[in-house]
Amino acid sequence: MRTDSKACQRLLVGLCVTLRTVMVLVGFSLLLWGAQWAAMASGLSVVRPNMAADSGMVTRIMKGDGAFTFVWWRSALEGALGFVLIPKWHTKGRYDVVAAIAVALSVVCVVFLIRLTAGAGTYGTCTYPGCWPNPWDLIALAAPFFAGLATLTVMACFADRIPLWARCLFPTAVFLVGTVLLALVWDRWLLPFFAGPPPW
């Protein structure tokens, strides 16, 4: 009888470890998807840095797929789901090491993609020194993702004091609310700023 109980217990522990591993891998994959989506302008318009300043706003803008479409919402929710799946259920210590590693790898990924995107293409002669607005517009577009990662990091540093629901909900909410707010203000205020001359 005891042997059956121990075997069932081992099986249950093995299933929990397998489920947790799958959740972390899926969550990390979705975070990488979110990093790629954030670094690639997340469906919003960006400024071509090599177009003449007097060529007009319409010519200088590379139109995105648009915000608040089905594809935009799906991509935003997929990225947000990554923040939900990463936090550890029961922490033995103060820190959630897996979440911290996922954050570090996601930051490296999004920074690499921003640098890659900013340097992509043959720009020829840039309109402004330093090829303004690259990479600053891409960094601004990735700001909600960075904010979500920062929140996930803070939650991972106090994992033993913060309940699981809060460690899952707060980074997700910061990312989603930031993404929606960015989409709301991008075309009206931020895009014209990036289309103009550099502030320095």
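Residues numbered from 1 in each chain as written. Predicted model: local features only at pLDDT ≥ 70, side-chain atom pairs only at ≥ 80, totals over all residues. Heavy atoms only, no water.

## Examining the packing of aromatic side chains
Turning to step 1, where the next piece is worked out: Tallied over the full model, the rule gives twelve aromatic pairs.
Turning to step 2, where the next piece is worked out: Consider the rings of Phe68 and Trp72, whose centres lie 4.8 Å apart with planes at 55°: the pair is tilted.
Turning to step 3, where the next piece is worked out: For Trp72, a relative accessible area of 3% corresponds to the buried category.
Turning to step 4, where the next piece is worked out: Aromatic pair Trp186 and Phe194: ring centres 5.6 Å apart, planes at 35°, arrangement tilted.
Turning to step 5, where the next piece is worked out: Classification of Trp186 by relative accessible area gives buried; the value is 0%.
Turning to step 6, where the next piece is worked out: Residue Phe194 is classed as buried on the basis of its relative accessible area, which comes to 6%.
Turning to step 7, where the next piece is worked out: Site record: aromatic cluster; members linked through ring pairs are Trp37, Phe68, Trp72 and Trp73.
Turning to step 8, where the next piece is worked out: Over the aromatic face of Trp189 sits the side chain of Arg188, whose NZ or CZ is 5.8 Å from the ring centroid. (Phe/Tyr/Trp six-rings, centres within 6.5 Å; stacked < 30°, edge-to-face > 60°. Buried < 20%, exposed > 50% of the residue type's maximum accessible area, 1.4 Å probe, protein only. Lys NZ or Arg CZ within 6 Å of the ring centre and 35° of its normal.)

## Description of the packing of helix H6 (residues 143-157) against helix H7 (residues 164-195)
Turning to step 1, where the next piece is worked out: Contact geometry of H6 with H7 gives a least axis separation of 8 Å together with a crossing angle of 165°. Looking at the two axes, H6 sits roughly antiparallel to H7. Between H6 and H7 lies a crossing of right-handed hand. From H6, Pro144, Phe145, Ala147, Gly148, Thr151, Leu152 and Met155 reach across to H7, where they touch Ala166, Arg167, Phe170, Pro171, Val174, Phe175, Gly178, Thr179 and Leu182. (Axes fitted to C-alpha atoms, helices over the stretch in contact; angles between N-to-C directions. Helix = DSSP H or I, 4+ residues; strand = E, 2+ residues; numbered from the N terminus. Parallel < 35°, antiparallel > 145°, perpendicular 65-115°, else oblique. Left-handed = near helix turned anticlockwise from the far one by under 90°. Contact = heavy atoms within 4.5 Å.)

## Points about the nonpolar core
Turning to step 1, where the next piece is worked out: By size, the foremost hydrophobic cluster in this structure holds 39 residues, and its most contacted members are Leu31, Phe83, Val110, Leu141, Phe145 and Trp186.
Turning to step 2, where the next piece is worked out: Contributing elements (two or more residues each) for this core: helix H1 (2-39), strand E1 (46-47), helix H3 (70-85), helix H4 (97-118), helix H5 (136-141), H6 and H7.
Turning to step 3, where the next piece is worked out: Apart from the residues within four sequence positions on either side, Phe145 is in contact with Leu31, Gly34, Ala35, Ala38, Phe83, Ser106, Val110 and Phe175. (Core = buried A, V, L, I, M, F, W, Y, C linked by side-chain atoms within 4.5 Å.)

## Things to note about the pattern of salt bridges
Turning to step 1, where the next piece is worked out: Applying the stated criterion to the full structure yields two salt bridges.
Turning to step 2, where the next piece is worked out: Residue Glu78 is joined to Arg74 by a salt bridge in which the shortest nitrogen-to-oxygen separation is 3.5 Å. On the criterion of helical spacing, the pair formed by Glu78 and Arg74 is a turn pair, its members being four residues apart in helix H3.
Turning to step 3, where the next piece is worked out: Residue class for Arg74 comes out partly exposed when judged on its relative accessible area of 38%. (Salt bridge = Lys/Arg side-chain N within 4 Å of Asp/Glu carboxyl O.)

## What about empty space enclosed by the protein?
Turning to step 1, where the next piece is worked out: The tally for this structure, following the rule as stated, stands at one cavity of 30 Å³ or more.
Turning to step 2, where the next piece is worked out: The volume enclosed by the largest cavity comes to roughly 40 Å³.
Turning to step 3, where the next piece is worked out: Residue lining of the largest cavity: Trp37, Ala38, Ser42, Leu141, Pro144, Phe145, Phe175, Thr179 and Leu182, and that is the complete set.
Turning to step 4, where the next piece is worked out: Taken together, the residues that form the lining of the largest cavity break down as seven nonpolar, two polar and no charged. (1 Å grid on protein atoms, 1.4 Å probe; cavity = no way out; pocket = protein on both sides within 12 Å on 5 of 7 lines; lining within 4 Å. Points joined across faces, edges and corners; volume = space filled by probe spheres on them. Nonpolar A, V, L, I, M, F, W, Y, C, P; charged D, E, K, R; others polar.)

## Some points on unusual backbone geometry
Note: most residues except glycine have negative phi, and most peptide bonds are trans.
Turning to step 1, where the next piece is worked out: For the peptide bond that leads from Asn134 to Pro135, omega is -5°, which places it in the cis range.
Turning to step 2, where the next piece is worked out: Along the polypeptide, Pro135 turns up in the loop between H4 and H5.
Turning to step 3, where the next piece is worked out: With a phi angle near 65°, Phe68 is a residue other than glycine that sits in the positive phi range.
Turning to step 4, where the next piece is worked out: By the element assignment, Phe68 lies in the loop between strand E2 (61-62) and H3.

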